[in-house]
Amino acid sequence: MQKDNIEETPQEEVQELKHWQWIKGDQSGSVVTIKEEGSDWITFNEGGRLATELKSEFIQELDSDIAGEFISTPNSTVDPLNQSATPSVNTQKITGDIPIPALDTTLSPIRVLFNKQKKNNKVKLLLEFPVNIPTKGVYELMSTSFDKDEVNEQLQSFILDQLSEDEISDCLHNSVQSLIESKYRGE
């Protein structure tokens, strides 16, 4: 029986590159891959680096499906020695109608849907506060005795001093609640 002279070569594991998008700074919108992540710096295959502590603030990981739309694989080059593909150094900047917002895990799904609406109705939100003001006669007396601009400035200050942050917040909350009830009353 003849033995085949087949040499077994160890197969190198091809690691799938994770794509990241700059969400802040001069590179905002650019898609990159991480070459090395050290304790102080993250270096990118496309060139450049970022302080490791700023990673979550400046870049976000892209889903492989989304990244595939921005990185073209035909432009990848194959190294003939190890037969693994390396991405080309060209990156595409995401602009226009394809925004990829930073993930905000604090928003409820309802709020996310409200935020995505293209057209929302704009309404005026009315606020009413009970305040004390001088009578018209006192105001006219002050205006003739003093500079009218100074009287108006002091009157404005007098009225604003009567309002506390708690009162403003309560009034705003009540006004929003009233708006919701009047616009979306159960039918």
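Describing the pattern of salt bridges
Across all of its chains, the model carries two salt bridges by this definition. For Lys-24, the salt bridge goes to Glu-57, with nearest N and O atoms at 2.4 Å. Here Lys-24, found in the loop between strand S1 (19-22) and strand S2 (31-37), pairs with Glu-57, found in helix H1 (residues 55-58); they are 33 residues apart in sequence, far enough to count as distant. The residue Lys-55 makes a salt bridge to Glu-37 at a minimum N-O spacing of 3.2 Å. Here Lys-55, found in helix H1, pairs with Glu-37, found in strand S2; they are 18 residues apart in sequence, far enough to count as distant.

Details of the nonpolar core
Core analysis: the biggest nonpolar cluster contains nine residues, these being Trp-20, Trp-22, Val-32, Ile-34, Ile-42, Phe-44, Leu-50, Phe-58 and Ile-59. Non-local contacts of Trp-20, meaning those with residues more than four positions away in its chain, are made with Ser-30, Val-31, Val-32, Ile-34, Lys-55, Ile-59, Gln-60, Glu-61 and Leu-62.

A look at a nonpolar patch on the surface
Nonpolar side chains collect at one region of the surface, where Leu-125, Leu-127, Leu-172, Val-176, Ile-180 and Tyr-184 lie side by side and expose about 530 Å² of accessible area between them. For Val-176, the position within the fold is in helix H6 (residues 165-183). Look at Val-176 and you get partly exposed, because its relative accessible area is 33%.

Quick look at the sheet that holds strand S4 (residues 49-51)
Sheet architecture is open: five strands sit in the order S4-S3-S2-S1-S5, paired in antiparallel fashion. With partners counted over all chains shown, the strands left at the sheet margins are S4 and strand S5 (59-61), one partner each. With strand direction ignored, the average angle separating the axes of adjacent strands in the sheet is 45°. Here three bridges tie strand S3 (residues 41-44) to S4, and the two strands are oriented antiparallel to one another. Within the sheet, the bridge partner assigned to Trp-41 lies in S4 and is Ala-51.

Points about the confidence of the model for the chain
Mean pLDDT over the chain works out to 74, with 67% of the residues at or above the 70 mark. pLDDT under 50 marks residues 72-98. Its contacts with residues more than four places away, or in other chains, come to 30 contacts.

What counts and what doesn't
- Along each chain, the written sequence defines residue order, and numbers are assigned to residues from 1.
- Owing to the predicted nature of the model, reporting of local features is limited to residues with pLDDT of at least 70; listing and counting of side-chain atom pairs is limited to 80 or more, with chain, interface and lining totals taken over all residues.
- Only heavy atoms go into the side-chain values, all of them from the structure, while hydrogens and water stay out.
- Salt bridge criterion: a side-chain nitrogen from Lys or Arg within 4 Å of a carboxyl oxygen from Asp or Glu.
- Runs of E in the DSSP output that reach at least two residues are strands. Runs of H or I that reach at least four are helices, and both are numbered from the N terminus.
- Within this scheme, the nonpolar core is defined by two criteria: the residues are buried Ala, Val, Leu, Ile, Met, Phe, Trp, Tyr or Cys, and they are joined through side-chain atoms within 4.5 Å.
- Working definition: with a 1.4 Å probe on protein chains only, accessible area under 20% of the residue-type maximum means buried, over 50% means exposed, and in between means partly exposed.
- Between two residues, a contact is recorded if the distance between any of their heavy atoms is within 4.5 Å.
- Residues forming no salt bridge and having over 30% relative accessible area are the ones grouped into patches, like charges within 9 Å of each other and nonpolar side chains (Val, Leu, Ile, Met, Phe, Trp, Tyr) within 5 Å.
- Per-residue and other accessible areas follow the Shrake-Rupley method at a 1.4 Å probe size, with only the shown protein chains counted as cover for residues.
- Here a strand pair is declared whenever DSSP counts at least two bridges between the two strands.
- Note on geometry: axes are lines fitted to C-alpha atoms, helical ones only across the stretch in contact, with angles between N-to-C directions running from 0 to 180 degrees.
- Values of pLDDT, which run from 0 to 100, indicate the predictor's confidence residue by residue.

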